[in-house]
Amino acid sequence: MMPKTMSVMRTVAPHKLGVFEEKIPEIKNNQCLIRLERWSVCGSDIKSGWDHKKNTRGYPICHELAGTIIETKSEKFKIGQRVIALPSPVDIGGLCEFMVGIPEYMAKIPNEGDLSSWVTCQPAGTVLYSCQQIGTIIGKKVLILGQGGIGLSFAAIFARSGASQIICSDPIEERLRFSKNVGATHVINPIKTSIDDSVAEITNGAMADIVIEAAGYEQTLNDAFRLVKQYGKVIIFGMVRDGNNPSTLTSIATHYLLQNCPTIIPTVGGRSADPISHIQAMIDLKERGWWDPGELITHQLPFSKAQQAYEMYASRKDGVVKIVLHDD
Ligand SMILES: [Zn+2]
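Residues numbered from 1 in each chain as written. Predicted model: local features only at pLDDT ≥ 70, side-chain atom pairs only at ≥ 80, totals over all residues.

Focus on the overall build of the chain
When its secondary structure is counted, the chain shows ten helices and 15 strands. Over its C-alpha atoms the chain spans a radius of gyration of 20 Å, differing by no more than 12% from the 20 Å that the globule rule assigns to 328 residues. Among the 328 residues that make up the chain, the fraction classed as buried is 46%. Look at the contacts in the chain between residues 6 or more apart in sequence, and 68% of them connect residues 24 or more apart. (Helix = DSSP H or I, 4+ residues; strand = E, 2+ residues; numbered from the N terminus. Rg over C-alpha atoms; globule rule 2.2 N^0.38 Å. Buried ≥ 20, exposed ≤ 12 C-beta atoms within 10 Å, placed from the backbone. Contact = placed C-beta atoms within 7 Å.)

Notes on the nonpolar core
In terms of nonpolar packing, the biggest core is built from 93 residues, with Ile-84, Val-142, Ala-155, Ala-208, Val-211 and Ile-212 touching the most fellow members. If you tally residues by element for this core, the top one is helix 4 (residues 149–159), at seven residues. Composition of this core by domain shows at least three residues from each of domain 1 (5–122 + 271–326) and domain 2 (134–266). (Core = buried A, V, L, I, M, F, W, Y, C linked by C-beta atoms within 7 Å. Domains from an automatic or database assignment.)

Observations regarding helix 5 (residues 173–182)
Within the sequence span of helix 5, burial applies to Arg-175, Leu-176, Phe-178, Ser-179 and Val-182. Buried residues of helix 5, seen end-on, are gathered within an arc of 150 degrees and therefore sit on one face of the element. (Arc of directions from axis to C-beta.)

Some remarks on the domain arrangement of the chain
Assigned domains within the chain: domain 1 (5–122 + 271–326) and domain 2 (134–266). Computed over C-alpha atoms, the centres of domain 1 and domain 2 are 27 Å apart. Domain 1 puts 14 residues into the contact, and the matching count from domain 2 is 17 residues. Among the residues making up the side of domain 1 that touches domain 2, the classes are represented as five nonpolar, five polar and four charged. (Nonpolar A, V, L, I, M, F, W, Y, C, P; charged D, E, K, R; others polar.)

Focus: the environment of Val-182
Residue position: Val-182 is located in helix 5. Accessibility expressed as a C-beta count within 10 Å gives 23 for Val-182, which makes it buried. Residues contacting Val-182, with those up to four places away along its chain left out, are Leu-152, Ala-155, Ala-156 and Ala-159.

Notes on the sheet that holds strand 13 (residues 263–266)
As summarised here, the arrangement of the six strands in space is 10-9-8-11-12-13, forming an open sheet in which the pairing is parallel. Every interior strand has two partners, whereas the edge strands, strand 10 (186–188) and strand 13, have only one. Pairwise comparison of adjacent strand axes, ignoring direction, gives a mean angle of 20 degrees for this sheet. Examined bridge by bridge, strand 12 (residues 228–236) and strand 13 share four bridges and lie parallel to one another. Within strand 13, the residue paired with Ile-235 across the bridge is Ile-265. (Pairing = 2+ DSSP bridges. Axes fitted to C-alpha atoms, helices over the stretch in contact; angles between N-to-C directions.)

Details of the environment of Lys-47
Among the secondary structure elements, Lys-47 is positioned in helix 1 (residues 43–47). C-beta crowding within 10 Å serves as the criterion here: with 18 such atoms nearby, Lys-47 is assigned to the partly exposed category. Lys-47 sits 14 residues away from Leu-33 along the chain, and the two C-alpha atoms are 29 Å apart. Other than its neighbours up to four places away in sequence, Lys-47 contacts Gly-216, Met-239 and Arg-241.

A look at the packing of helix 3 (residues 121–132) against helix 4
Where helix 3 contacts helix 4, the two axes come as close as 9 Å, and the packing angle between them is 55 degrees. Between helix 3 and helix 4, the interaxial angle falls into the category oblique. In terms of crossing hand, the pair formed by helix 3 and helix 4 is right-handed. Counting all contacts with helix 3, which are made through Pro-123, Ala-124, Val-127, Leu-128 and Cys-131, the residues of helix 4 involved are Gly-149, Ile-150, Ser-153, Phe-154 and Ile-157. Along the lines of polarity and charge, the residues of the contact of helix 3 with helix 4 split into eight nonpolar, two polar and no charged. (Parallel < 35°, antiparallel > 145°, perpendicular 65-115°, else oblique. Left-handed = near helix turned anticlockwise from the far one by under 90°.)

Points about helix 4
Judged by how many residues are buried, helix 4 sits mostly within the fold: ten of eleven residues are covered. Within the sequence span of helix 4, burial applies to Gly-149, Ile-150, Gly-151, Leu-152, Ser-153, Phe-154, Ala-155, Ala-156, Ile-157 and Phe-158.

A short note on unusual backbone geometry
With a phi close to 85 degrees, Cys-62 is a non-glycine residue in the positive phi region. Summarising the element assignment, Cys-62 is placed in the loop between helix 1 and strand 4 (64–72). Notably, Cys-261 is not glycine yet its phi reads approximately 45 degrees, a positive angle. For Cys-261, the location among the structural elements is in the loop between helix 8 (254–260) and strand 13.

A closer look at the environment of Ser-48
Assignment of secondary structure puts Ser-48 in the loop between helix 1 and strand 4. Exposure remark for Ser-48: the 20 C-beta atoms within 10 Å place this residue in the buried category. Between the C-alpha atoms of Ser-48 and Val-228, which are 180 residues apart in sequence, the distance is 28 Å.

Section: the packing of helix 4 against helix 5
As a packed pair, helix 4 and helix 5 sit with axes 9 Å apart at the nearest point and diverge in direction by 20 degrees. Put simply, helix 4 runs roughly parallel to helix 5. For the pair helix 4 and helix 5, the sense of crossing is right-handed. For the pair helix 4 and helix 5, the contacting residues are Leu-152, Ala-155, Ala-156 and Ala-159 in the first and Phe-178, Ser-179 and Val-182 in the second. Classifying every residue of the contact of helix 4 with helix 5 by side-chain character gives six nonpolar, one polar and no charged.

Next up, the structure:
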């Protein structure tokens, strides 16, 4: 029997999820109803929704979602199809048991394989999108600042795309071990050594052709502009943001911009005209055995333990890289 209501979690105070019992949504023409089975915790949740101040209905959170279609009014998606689904732009949170699926926001997952592993194709797909904006990677010296799930995905994809050097930087040693596993050629802990000297030494003084900012701090953004070679490229992926304030200002040492004159490419796949094809492309590449972003999963918890999962993710302790929630 299909239940009439479902649990929905939203942030009701900074770092506090509230549980709401709400009606299961009804689908309109061309839509599907998805029973969600996996929810993956993302750094952008921590930087925005997790910190959000209280409002009556709570603040929606979570956008890395996978599940199975249980009702359909779409020609393209049949009942029983497993999908990665993005929340609709109307309700941007997916920490709920059932969700309306819109075809333009859904990617098909093969029948075989662990769904926890498949859901990680969502964040990895956004990295794939970012890489598509860079131009050729073959033979390039790449520096990646930040080795969370996103920075590690960049490292894995560059390693499989012919970069000559993949230099990864992060202050957490456990993450640097991951970097090596996914294909980094060099790792730097900026707390232990000078990142400037290390990059100069590794690149033989040439500095990085491409720098990826995947940490989301004012300091790492400035590092990117300083460590890129002259006329190189800086890709901005991380969000430098104070809670939910979209007008947060960041200080930049313009001297390095004028000295190195990089081409700056900010990339956000989810806000592009087509937010799903790069995720479908990542699913297809994983199926082909090119790279399985599921190897970044360090923790799995039941949906009902979401509060704990977000706390763990935000703390960066216990070697946490990627946490996936599964249905209870
Ligand atoms: Zn995400």
